[in-house]
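Summary of structural features
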Amino acid sequence: MRSYKLADRQIMRATFTHLIGPQKGELAKFDAERITIGRAQNNMLCLGDTARRVSSHHAEVTHRGDQFFLRDLGSTNGTTVNGRRVVVSELAHDDLIEFGAGGPLVRFGIEHPEKEDQIETVAKDLRRQDRIDSQSAVRDRSTGPGGTGSRNNAALIAALAAAMLLGGVGGIVASSRLRAPDPESMSYAEIADMNIPSVVLIRTEFDLLDAAGQTTTSEARVGTGFIINQSGLIVTNRHVILDWEYNPPTPGITGRITKIEAMVPGHTFEDAASAELYKLGPDKSVDVAILKIGAPSERFARVEPEIARTNPGDEVVVIGYPLGLDLLQWTKDTTAGPSLSTGIVSRVGHDFIQLNLRAYHGNSGGPVINRKGEVIGILTANYSAAHDIALCTPISAALALVKSEMQTRGNLHGRPSARAALLAKPQREVLAEAGF
């Protein structure tokens, strides 16, 4: 057998595919070492005068060796890669770049035109070698029973017999070590059927206020949430509701919520239900918020509150709305429909569960579900420098907020004894009383 090694070439091309806006569907390709991006006409990737969220000279992409780097050039509305705001970030193939919140969205790609030519050349060489080997085999068989062909056949039969023997022994050993399938494990289709009806698209509108309390601008953010009981409680991320706490535009600026809406799968946004803020954690370090909608819900997610039952290597499912309304508009959907993706638990920490999967803005606040169909966490963050690392907050953090609110409301109604009893109860009993 011959081995072939491709020559190391540094010729690579950056591509940008416009996903939304007037340039939707257009593809731009560059092989320059520096690509300038912005609204001004003198940029290599000009996003146009209509892109009001984009600065005149917004960002640049540089090519160093076999890597591409994105750098924000001090733009007014920032640059995000896969939903996370960045100043400098290494880019990977299929990364999604948004220039300004709500601005143009492009898919970044990397082409290797020279290596494609080389791969074709190697493929031709391999086909040529296959023909030569076939001709040699024909010559060997023609030498007769006592020739090289017979000796090769005998050796082949002996090798196959040894392989079968070893395979049988190995199979016995492996079967004794492998864990039996979990009878409670569900297929991905079953998990989707059970959980998708409870996963909602959340849209928050808010005003940004200056030190005098005057409105400077009005903005909106989208994310994912999921219904956890019949009374209509919804779990999501705090940063989906209070974006300005995590991405402060200017020192001294604060925010004020003006509207929160939740869109149930299968409904249009015109049918979105009004939601109220039910409970927040004590500060932004606990990135969890509980909302409430007025209508009772017949479909809600099951939860697994014990983090000790989650282990590295467990398969998980994430359901949510990647890219929010942008993706729904791009796919020309008129009703809400969440997406499902899969991953693996990489590590179980104290405050976060680390996952091996890709997540995008819009996924924030969505449920992370085990193979039993139970929610184990809330998808919270990912890293722009490590695209396949995502973090989820254990669902116990959300349940603690619900329990705290139940205690507070019980105390406000003059039932301190009931509050004390609630404090002493196990987590699962509290969930049962809350309707989980």
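Preceding block: the structure.
Read on for a plain summary of the structure. (Residues numbered from 1 in each chain as written. Predicted model: local features only at pLDDT ≥ 70, side-chain atom pairs only at ≥ 80, totals over all residues. Heavy atoms only, no water.)

Re the side chain of glutamate 261
Test applied: What counts as a helix is a DSSP run of H or I of at least four residues, what counts as a strand is a run of E of at least two, and both are numbered from the N terminus. The classification of residues rests on relative accessible area computed with a 1.4 Å probe and restricted to protein chains. Under 20% of the type maximum is buried, over 50% is exposed, and intermediate values are partly exposed. Only four residue types enter the charge count: Lys and Arg as positive, Asp and Glu as negative, with His and the chain ends excluded. Salt-bridge detection follows one rule: a side-chain nitrogen of Lys or Arg within 4 Å of a carboxyl oxygen of Asp or Glu.
Assignment of secondary structure puts glutamate 261 in strand β15 (residues 254-263). Although glutamate 261 is buried, it forms no salt bridge, and the closest oppositely charged side chain is lysine 259 at an N-O distance of 4.2 Å.

Looking at unusual backbone geometry
The residue aspartate 94 is not glycine, and still its phi comes out positive at about 80°. With respect to the secondary-structure elements, aspartate 94 resides in the loop between β9 (88-91) and β10 (96-99). The phi torsion at leucine 323 lies on the positive side, around 70°, for a residue other than glycine. Looking at where leucine 323 falls in the secondary structure, it is placed in the loop between β19 (315-320) and α6 (325-330). Judged by its relative accessible area of 6%, leucine 323 falls in the buried class.

Observations regarding the sheet that holds strand β16 (residues 273-280)
Our working rule: Here the rule is simple: two strands pair whenever DSSP picks up at least two bridges between them. A fitted line through C-alpha atoms serves as each axis, taken over the contacting stretch for helices, and the angle formed by two N-to-C directions is quoted from 0 to 180°.
With antiparallel pairing, 6 strands are arranged side by side around a closed barrel as β12-β13-β14-β17-β16-β15. Within this sheet the neighbouring strands show an average axis-to-axis angle of 40°, counted without direction.

A few points about the nonpolar core
As a reminder of what qualifies: To form a nonpolar core, buried Ala, Val, Leu, Ile, Met, Phe, Trp, Tyr and Cys residues must be joined to one another through side-chain atoms within 4.5 Å. The criterion used for residue contact is that any of the two residues' heavy atoms lie within 4.5 Å.
Within the largest apolar cluster, 28 residues are counted, with the highest numbers of intra-cluster contacts made by Phe226, Val235, Ile290, Val375, Ile378, Ile395 and Ala398. Put simply, the parts of the chain that give this core at least two residues each are β12 (199-209), β14 (233-236), β19, β23 (374-383) and α7 (395-412). Here this core gets 5 residues from one element, more than from any other, and that element is α7. Each residue touching valine 235, except ones within four places of it in the same chain, is listed here: Thr224, Gly225, Phe226, Ile228, Ala289, Ile290, Gly365, Ile378 and Ala398. One finds Met12, Ala28, Phe68 and Phe108 within the second-largest nonpolar core, a separate group that totals 23 residues.

Observations regarding the sheet that holds strand β2 (residues 27-30)
Sheet architecture is open: 6 strands sit in the order β2-β1-β11-β10-β7-β8, paired in antiparallel fashion. Where the open sheet ends on each side, the last strands, each with one partner, are β2 and β8 (84-86). Averaged over all adjacent pairs, the angle separating strand axes in this sheet is 30°, with direction ignored. Here strand β7 (residues 79-81) runs beside β10; their pairing, made up of 3 bridges, is antiparallel. Counted as the bridge partner of threonine 79 is phenylalanine 99 from β10.

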